[in-house]
Amino acid sequence: MARVCIKTHRSLTRILLFVGATILLSAAGDHQVRSEDELWRRINSMSLREKVGQMTQINLPLLLQRQEDGSVKHPVSFDATALSLALDSFKVGSVMNTADHALSLETWQYITSFLHEQSEERVGIPILYGIDAIHGANYTSGSTLLPHQLMIAASFNDSLAALAAGISAYETKASGIPWVFSPILDVVRNPYWVQFFETFGEDTYLAKQMGKAMVRGYQAVNSPSAQVLACAKHFVAVGDVRTGKDRTPIDIGERKLRDVFLPPFEGAVSEGVASIMIGTNEIDGIPTHANSYLLKGVLRDELGFEGVLISDWGDVQNLYRLHRSVASMEEAVKLAINSGIDMVMVPNDFEFSKTLYELVLNDELDQARIDASVYRILKAKQAIGLLDGSFLPGEGDFPRFGGEEHYKSSYEIALEGACLLKNEGEVLPLSADSKILICGNASDDLSIQNGAWSRTWQGRDTFIHKEPYATIYQAFSERAKNVSFADRRSSAAWLEGVNTNMVDEAEVILVCLGERPATEKPGDVPSIDLPASDQALIEFLHRRGKTIVLVMMQSRPRIVRTIEPLVDAILMGFVPGNSGGEAIADLLLGKASPSGKLPFSYPRYEGLYMPYAHKHIEAMDTNYGMSAYQPQWAFGSGIGYVEIAYDEISLASDTLQPDDTLAIDVRISNLGDQGQKESVLVFIADRVSKVTPEVKKLAAYKKVNTLPNRSRTVQFSIPISELKSTGLDPRSKTLEPGWFDIFIANRSASFYLAAGS
Ligand code: BGC
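Residues numbered from 1 in each chain as written. Predicted model: local features only at pLDDT ≥ 70, side-chain atom pairs only at ≥ 80, totals over all residues. Heavy atoms only, no water.

**Some thoughts on the sheet that holds strand E8 (residues 275-278)**
And step 1. With parallel pairing, the three strands of this open sheet are ordered in space as E7-E8-E11. Of all strands in the sheet, those with a lone pairing partner are strand E7 (231-235) and strand E11 (308-310), marking the two edges. Across the sheet, the mean angle separating the axes of adjacent strands is 25 degrees when strand polarity is ignored.
And step 2. Of the pairings in the sheet, the one linking E7 to E8 comprises three bridges and is parallel in character. Pairing of Phe235 across the sheet is with Ile278, part of E8.
And step 3. This element, helix H10 (residues 263-270), spans E7 and E8 of the sheet and lies at about 155 degrees to E7. (Pairing = 2+ DSSP bridges. Helix = DSSP H or I, 4+ residues; strand = E, 2+ residues; numbered from the N terminus. Axes fitted to C-alpha atoms, helices over the stretch in contact; angles between N-to-C directions. Contact = heavy atoms within 4.5 Å.)

**Things to note about the domain arrangement of the protein**
A common way to express how large an interface is: the accessible area buried when the components associate.
And step 1. Along its sequence, the protein is carved into domain 1 (10-26 + 38-384), domain 2 (418-588) and domain 3 (642-753).
And step 2. Across the boundary between the two partners, domain 1 contributes 15 residues, which contact 15 residues of domain 3.
And step 3. Approximately 1,300 Å² of surface area, both sides summed, lies buried where domain 1 meets domain 3, with 54% of it carried by carbon and sulfur atoms.
And step 4. For domain 1, the biggest contributors to the area lost against domain 3 are Phe156, Tyr205 and Arg255; these three give 49% of the whole.
And step 5. Applying the counting criterion to the domain 1 and domain 3 interface returns one salt bridge.
And step 6. With a closest N to O distance of 3.1 Å, Lys733 and Asp259 form a salt bridge.
And step 7. Counting residues per element, the ones that place at least two in the side of domain 1 that touches domain 3 are helix H8 (204-218), helix H9 (254-261) and helix H11 (292-302).
And step 8. Of the residues in the side of domain 1 that touches domain 3, the class split is five nonpolar, three polar and seven charged. (Domains from an automatic or database assignment. Buried area = accessible area lost by both parts, 1.4 Å probe. Salt bridge = Lys/Arg side-chain N within 4 Å of Asp/Glu carboxyl O. Nonpolar A, V, L, I, M, F, W, Y, C, P; charged D, E, K, R; others polar.)

**Quick look at the sheet that holds strand E27 (residues 738-744)**
And step 1. An order of E20-E28-E27-E22-E23 is seen for the five strands of this open sheet, with the pairing classed as mixed. Edge positions in the sheet fall to strand E20 (655-656) and strand E23 (697-706), since each has one partner strand and no second.
And step 2. For strand E22 (residues 676-686) and E27, the ladder comprises four bridges, and the chain directions are antiparallel. From the neighbouring strand, Asp686 faces E27, where its bridge partner is Phe740.

**Description of the pairing of strand E13 (residues 419-423)**
Every other side chain in a regular strand lies on the same face of the sheet, so the side chains alternate between the two faces.
And step 1. Within E13, five of the five residues are buried, leaving the element largely enclosed by the surrounding structure.
And step 2. Bridging between E13 and strand E18 (residues 569-572) involves four bridges; their strand directions are antiparallel. Note on E18: the bridge partner recorded for Lys422 is Ile570. (Buried < 20%, exposed > 50% of the residue type's maximum accessible area, 1.4 Å probe, protein only.)

**Some remarks on the site of the ligand**
And step 1. Every residue close to the ligand is listed here: Met96, Asn97, Asp132, Phe181, Lys233, His234, Arg247, Met277, Asp312, Trp313, Met345 and Glu520.
And step 2. In the model, an oxygen atom of the ligand is placed 3.1 Å from a nitrogen or oxygen of the Asn97 side chain.
And step 3. Taking 310 Å² as the accessible area of the ligand by itself, protein coverage stands at 96%. (Near = heavy atom within 4 Å. Polar contact = N/O pair within 3.5 Å; in protein donor to acceptor, adjacent residues only side chain to side chain. Areas by Shrake-Rupley, 256 points an atom, 1.4 Å probe, with all protein chains shown as cover.)

**Examining the packing of helix H2 (residues 36-44) against helix H15 (residues 367-383)**
Any two packed helices are characterised by the angle at which their axes cross and by the distance between the axes.
And step 1. Their axes nearest at 10 Å, the elements H2 and H15 cross at an angle of 125 degrees. In terms of axis orientation, H2 runs oblique to H15. Considering the relative orientation of H2 and H15, their crossing is right-handed. Contacts between H2 and H15 involve Glu36, Leu39, Trp40, Arg42 and Ile43 from the first element and Asp371, Val374, Tyr375, Leu378, Lys379 and Gln382 from the second.
And step 2. Within the contact of H2 with H15, the residues separate by chemical class into six nonpolar, one polar and four charged. (Parallel < 35°, antiparallel > 145°, perpendicular 65-115°, else oblique. Left-handed = near helix turned anticlockwise from the far one by under 90°.)

**Regarding the packing of aromatic side chains**
And step 1. Overall, the coordinates contain 20 aromatic pairs when judged by the stated rule.
And step 2. Their ring planes at 10 degrees and their centres at 3.9 Å tell us that Tyr473 and Phe485 sit as a pair that is stacked. Taken together, the positions of Tyr473 in helix H18 (residues 472-479) and Phe485 in strand E15 (residues 482-485) put the pair twelve residues apart, joining distant regions of the chain.
And step 3. Assessed through its relative accessible area of 22%, Tyr473 is described here as partly exposed. (Phe/Tyr/Trp six-rings, centres within 6.5 Å; stacked < 30°, edge-to-face > 60°.)

**Structural notes on the pairing of E23**
And step 1. For E23, a buried count of seven out of ten residues is recorded, marking the element as mostly surrounded by other parts of the structure.
And step 2. Relative to E23, E22 is paired through nine bridges, and the arrangement is antiparallel. Following the sheet pairing, Ser679 is matched in E23 by Lys703.

**Some remarks on a nonpolar patch on the surface**
And step 1. A cluster of nonpolar side chains, Ile617, Met620, Tyr624 and Met626, forms an exposed patch at the surface whose accessible area comes to about 520 Å².
And step 2. Considering the arrangement of structural elements, one finds Met626 in the loop between helix H22 (580-588) and strand E19 (644-651). (Patch = residues over 30% accessible without salt bridge, like charges linked within 9 Å, V, L, I, M, F, W, Y side chains within 5 Å.)

**Concerning the environment of Asp529**
And step 1. Here Asp529 shows up in the loop between strand E16 (508-514) and helix H21 (532-543).
And step 2. C-alpha of Asp529 to C-alpha of Cys439: the two residues are 90 residues apart in sequence and 20 Å apart in space.
And step 3. Ignoring any residue separated from it by four or fewer positions in sequence, one finds Asp529 in contact with Arg558, Ile559 and Glu606.

**Structural notes on unusual backbone geometry**
And step 1. The residue after Ser182, namely Pro183, is reached through a cis peptide bond having omega 5 degrees.
And step 2. Following the sequence through the fold, Pro183 ends up in the loop between strand E6 (179-180) and H8.
And step 3. Geometrically, the link from Val346 to Pro347 is a cis peptide bond, its omega value of -20 degrees lying close to zero.
And step 4. By secondary structure assignment, the location of Pro347 is in the loop between strand E12 (344-345) and helix H14 (351-361).

**Quick notes on the packing of H9 against H10**
And step 1. At a minimum axis distance of 5 Å, the contact between H9 and H10 shows a crossing angle of 50 degrees. Taken together, the axis directions place H9 and H10 in an arrangement best described as oblique. Taken together, the residues of H10 that come into contact with H9 (itself represented by Arg258, Asp259, Val260 and Phe261) are Pro263, Pro264 and Phe265.
And step 2. Class assignment for the residues of the contact of H9 with H10 results in five nonpolar, no polar and two charged.

**Thoughts on H11**
What sets the pattern is the α-helix's 3.6 residues per turn: residues three or four places apart point alike.
And step 1. What H11 keeps buried is the set Leu294, Leu295, Val298, Leu299 and Arg300. Relative to the axis of H11, the buried residues are bounded by an arc of 165 degrees and lie together on one face.
And step 2. Positive backbone phi, at 75 degrees, marks Gly304, one or two positions downstream of H11. (Arc of directions from axis to C-beta.)

See the structure below:
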């Protein structure tokens, strides 16, 4: 079989590609597309095969040489026959993801520049390469692995979300890749769902603001060196899977869909997000890939989304293979395309391309429908500079790739995201002179620190441990004098061989517990109880009368009800990435004060999850009081080392009209001798409305600095129109006149809305 080798040396590739390059440069000139007319002329001159190819996205391994067991051969090299099938026969327009695991920067630059040039030559239009860059360019070795989204949300600092996206964009672009499948905008309402840590948590407003900031960061129009196309996913409501299991059905009504799950996508569309990925799930019996009401009626017509709508992995085939809403591939393709999908993540065969081609040829699908999708795909390619040669993979200098500056930024994000949930007797910060014993499976484990999407899909491979970053234990041993370490065995193994002298000699035991990395289907769990052995470890240490500091590196909340009273301090470290070890050590040792706040309600019991924005009737308890919202920690929980006091809230006016803006001032005071950041969260509750109101909803937030022993005023302007929610007619947002309450920390105020809208 003929093969085309990808060399791993840049200059060699340049020589290999030299002959092609001359032809390509002139080809690129031909392909310059400047105006709409030109774009349409271009589409009109394309063959049906070429159009169908643009709508097809395949997985990289489909083009690579494989071993007998089907796995990719390393170092990677292209299989000429496969390449010819994809580019010459099927005219494929997009390629995605990686070859089993992360590849070096040089290899990526070769892969992407080779594919770019080959597709220009053989298809006439460069391929659009897309990748799961979930917390940085995680499939490029040596890239900066940032904190996952949930930790970014906990910072309540939009500029950090934009910063994270900017770093990821820069390093993805350095790899020659112009398109990231991020951010996740699914508001999560089921703590069992495996992708919990990849979301911005349970709140709609927070997810919307953070999502907008990330889209801005990725698509940074003013900063071409760090500009990629973003992809908001998974449309829609995927964080509310009934069973908590990935890809299972969602049962929600129109109002919840519109008020809870749609706004973050609306925000992304308002920022010009280039693409949206559809969730695999079905909603109320209809797979979203076949839901033209949602895809066309809501997303395109109502929200005005003009970008590329891409399927998720294999989900057009899944309409008949898994969902069984149709009986054949022909029907599946017809339904999906007529429902509004532009590009199909096939990803491992050409069944889709063959079927779509036949359907259009036989007039079973409209040409104009295909042309509309091709137009949107070419617009995206044009926007990122693929059509005019301004984006050339492998070109450009990226000196900041994986470097100190990006590491420092990711450290700042982790520092601001970590949440201190308990600090009894002010055991924290720890003194660097204390005798500290460190134990627990997350104390010295970079894979738990980074979670899934870290060099591999599931992030469980051992080579991540070779990365030159500090675990919590390593960071502590560099900073404190008397650190002993009980190795990173599981709690069960540790308890079996425990050295009680070591325990008794320590003044403080730092227990770091984390969940084994997982995402998507492999991460489904039947229970979110903390493993019994982890509980036994805490109970054992408590029986020995020790001061215990618990660090949790969790990808989803684990029930800690019984052990919480046994420990003195708890820091939620989320899935903090490579800088997390140092950030957590610095917080625990008092180099900075924690300022993260929980972006979700941490459940106290298995199966009893209630978001803070619940309905009044849900708050009714067994004694017929109204205190059933009893999470382990409420949404917004998080303390620092100094106390921040809130003064009375003052309003510019307490009677407002629908077009007014609510102006709020709140004075906060730092009562300590250390500076500290503070997230000021503003909640608003509509006292009465025909569609039952939530007890309160986040309406604004600001992260501010506070100086030791100083006060400052924080101001908010909230347009009344933004408080509207879906009314009796599910297609319209309304606000009834009446009283509204404002809650900021332990303060409250009220205003009267004189007229409805
Ligand atoms: C996931 C997406 C991901 C895609 C491509 C899917 O299975 O749901 O989040 O972007 O695969 O890898």
